[in-house]
Amino acid sequence: MSVGLLAVVDDILTAALKASAKTAGVVIDDAAVTPQYVQGLSPARELYVVWRIALGSMFNKFIIIIPLALLLSAFAPWVLPFLLILGGTYLCFEGAEKVTEWFGVHHAADETEARDEGRLIFGAIRTDLILSTEIMLIALASLDPDFGIWMTLGALVVIGLGMTALVYGAVALLVKIDDMGLALMKNPARRIRRTGARIVRSMPAVFRLIGIIGTVAMLWVGGHLVIANLAETFWHGPYELLHTVTHAVEAAGPVVVWVADTAMSAVIGLVLGLIIVGVVLGISRLRGRNQPGAAAH
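Residues numbered from 1 in each chain as written. Predicted model: local features only at pLDDT ≥ 70, side-chain atom pairs only at ≥ 80, totals over all residues. Heavy atoms only, no water.

*Asks:* Sorry, what's going on with the overall build of the protein chain here?
*Replies:* If you tally the helices and strands in the protein chain, you get 10 helices and zero strands. The secondary structure elements of the protein chain, listed N-terminal to C-terminal, are α-α-α-α-α-α-α-α-α-α. A total of 297 residues make up the protein chain; the buried ones form 39% of that total. Contacts spanning at least 24 positions in sequence make up 79% of the contacts within the protein chain whose residues lie at least 6 apart. Approximately 16,800 Å² of the protein chain is accessible, and the part contributed by carbon and sulfur atoms is 70%. (Helix = DSSP H or I, 4+ residues; strand = E, 2+ residues; numbered from the N terminus. Buried < 20%, exposed > 50% of the residue type's maximum accessible area, 1.4 Å probe, protein only. Contact = heavy atoms within 4.5 Å. Areas by Shrake-Rupley, 256 points an atom, 1.4 Å probe, with all protein chains shown as cover.)

*Asks:* Sorry, what's going on with the environment of Ala248 here?
*Replies:* Position of Ala248 among the secondary structure elements: in helix α9 (residues 237-248). Classification of Ala248 as exposed rests on a relative accessible area of 64%.

*Asks:* How should the pattern of salt bridges be read in this particular structure?
*Replies:* Across all of its chains, the model carries four salt bridges by this definition. Here Lys176 ties to Glu46 by a salt bridge, and the two come within 3.6 Å at their closest N and O atoms. On the criterion of sequence distance, the pair formed by Lys176 in helix α7 (residues 149-184) and Glu46 in helix α3 (residues 43-75) is long-range, its members being 130 residues apart. For Lys176, a relative accessible area of 15% corresponds to the buried category. Between Glu94 and Arg126 there is a salt bridge, with its nearest N and O atoms 3.8 Å apart. Here Glu94, found in helix α4 (residues 79-102), pairs with Arg126, found in helix α6 (residues 117-142); they are 32 residues apart in sequence, far enough to count as distant. (Salt bridge = Lys/Arg side-chain N within 4 Å of Asp/Glu carboxyl O.)

*Asks:* Sorry if this is basic, but what is going on with the layout of surface pockets here?
*Replies:* Gaps between atoms show up when a probe of the same size as a water molecule is rolled over them. The calculated volume of the second largest pocket comes to roughly 510 Å³. Looking at the second largest pocket, it is lined by 22 residues, and the ones nearest its centre are Leu80, Leu137, Ile138, Leu140 and Ala141. Elements with a minimum of two residues in the lining of the second largest pocket: α3, α4, α6, α7 and α8 (190-233). By residue class, the composition of the lining of the second largest pocket is 14 nonpolar, five polar and three charged. (1 Å grid on protein atoms, 1.4 Å probe; cavity = no way out; pocket = protein on both sides within 12 Å on 5 of 7 lines; lining within 4 Å. Points joined across faces, edges and corners; volume = space filled by probe spheres on them. Nonpolar A, V, L, I, M, F, W, Y, C, P; charged D, E, K, R; others polar.)

*Asks:* Explain the nonpolar core here, please?
*Replies:* Soluble globular proteins: nonpolar side chains tend toward being buried together. By size, the foremost hydrophobic cluster in this structure holds 52 residues, and its most contacted members are Leu91, Met136, Leu156 and Ile159. Those elements that place two or more of their residues in this core are α1 (2-21), α2 (24-33), α3, α4, α6, α7 and α8. Per-element accounting of this core gives the leading share, 10 residues, to α6. Excluding its chain neighbours within four sequence positions, the residues that come into contact with Met136 are Lys61, Ile65, Ile66, Leu156, Ile159 and Gly160. (Core = buried A, V, L, I, M, F, W, Y, C linked by side-chain atoms within 4.5 Å.)

*Asks:* Could you clarify how one ought to interpret empty space enclosed by the protein in this entry?
*Replies:* Going through the model one piece at a time under the given rule, you end up with one cavity of 30 Å³ or more. Space inside the largest cavity adds up to approximately 30 Å³. Around the largest cavity sit Asp30, Val33, Thr34, Tyr37, Ala124, Thr127, Asp128, Leu131 and Tyr168, which together line it. Mapped onto the lining of the largest cavity, the elements with two or more residues apiece are α2 and α6. In terms of residue count, α6 provides more of the lining of the largest cavity than any other element does, four residues in total. Looking at the lining of the largest cavity residue by residue, the class counts come to five nonpolar, two polar and two charged.

*Asks:* Please clarify how a nonpolar patch on the surface should be interpreted in this entry.
*Replies:* On the surface, Phe59, Ile63, Ile64, Leu68, Leu83 and Leu86 cluster together into a nonpolar patch covering about 550 Å² of accessible area. Of all the elements in the fold, those that place two or more residues in the nonpolar patch are α3 and α4. Ranked by residues supplied to the nonpolar patch, first place goes to α3 with four residues. Residue placement: Ile64 occurs in helix α3. Under the relative-accessibility criterion, Ile64 is labelled partly exposed at 32%. (Patch = residues over 30% accessible without salt bridge, like charges linked within 9 Å, V, L, I, M, F, W, Y side chains within 5 Å.)

*Asks:* Can you help me understand the confidence of the model for the protein chain in this one?
*Replies:* Detail in the predicted coordinates should be disregarded across regions flagged by low pLDDT. Mean pLDDT for the protein chain: 83, with 89% of residues reaching 70 or above. Below pLDDT 50 for its whole length, residues 109-114 participates in three contacts with residues either more than four positions away or in separate chains. (pLDDT = per-residue confidence, 0-100.)

*Asks:* Would you mind showing me how to read the packing of aromatic side chains here?
*Replies:* Aromatic ring pairs: the centre-centre distance and the angle between the two ring planes describe each pair. Within the structure shown, the criterion is met by three aromatic pairs. Relative to Phe93, the ring of Tyr90 lies with its centre 6.3 Å away and its plane at 50 degrees, an arrangement referred to as tilted. Placement of the pair is Tyr90 and Phe93 together in helix α4, with a separation of three residues, close to one helical turn. In this structure Phe93 comes out as buried when scored by relative accessible area, which is 16%. (Phe/Tyr/Trp six-rings, centres within 6.5 Å; stacked < 30°, edge-to-face > 60°.)

*Asks:* Could you clarify how one ought to interpret the packing of α4 against α8 in this entry?
*Replies:* Two quantities define a packed helix pair, namely the angle between the helix axes and the distance between the axes. At their nearest, the axes of α4 and α8 sit 7 Å apart, and the two run at 150 degrees to each other. Judged by the angle between their axes, α4 and α8 are roughly antiparallel. For the pair α4 and α8, the crossing hand works out as left-handed. Across the contact of α4 with α8, the residue classes break down as 16 nonpolar, eight polar and three charged. (Axes fitted to C-alpha atoms, helices over the stretch in contact; angles between N-to-C directions. Parallel < 35°, antiparallel > 145°, perpendicular 65-115°, else oblique. Left-handed = near helix turned anticlockwise from the far one by under 90°.)

Written as structure tokens, this is what we have:
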């Protein structure tokens, strides 16, 4: 019996590892997006906030995504593409909102509100829900359909635990690197102190870069979700445009094809996101004008 159990566990782990490999791109995106939500907090609160977001991510995966994905794939698989279109559209909106902030368009009411821990955690968990949904659905699609419900569930649980540990372990390391640099600056050895100082000086630029990568990642993943799932439902236009572009550069090799695919997905995601940002800003301004006392100001 123990040999049979070990064989089952080995099958689950093998299947989980193979399926996880196909989710690598989204996992990298998730790790790049999350540190943005910790910026502006005091160093003493950073790990606590990362831990809260990680707990929210596990809730997303094990309480919402996995049960819902298994139920829908069994009884209503046609619903999944529409859910992914909605999720991708939200990512495009979030990414485009950050792009407009680079050019001076501020959406938050004030700086204090933007740094409120509860709002930051909620925003991070909300974004994680969409990214985790894609991770788990890609993993589910990669598993053998004849695997059986319990083996499939076991593989998804392993993938969910592994991806959560990987993403938020990396995020925790990133946000505490500057503290490591400060500790090195107290070392008696001059060379080590200089290394610590370089680490501390470089961290603002590193986080700016991570913020840019995270924004591009949201636009890329969101745009790709919308394009791929629109093609599975009712509109093939964006997918055919993407296919035309990637086919034109196919002779240049897989790396160039991937770059072209990513760039086109991000551009389409940005255009869609900017449209939604414009609509949201327009509605906000109309509501502001219609509020009592608005004319007096």
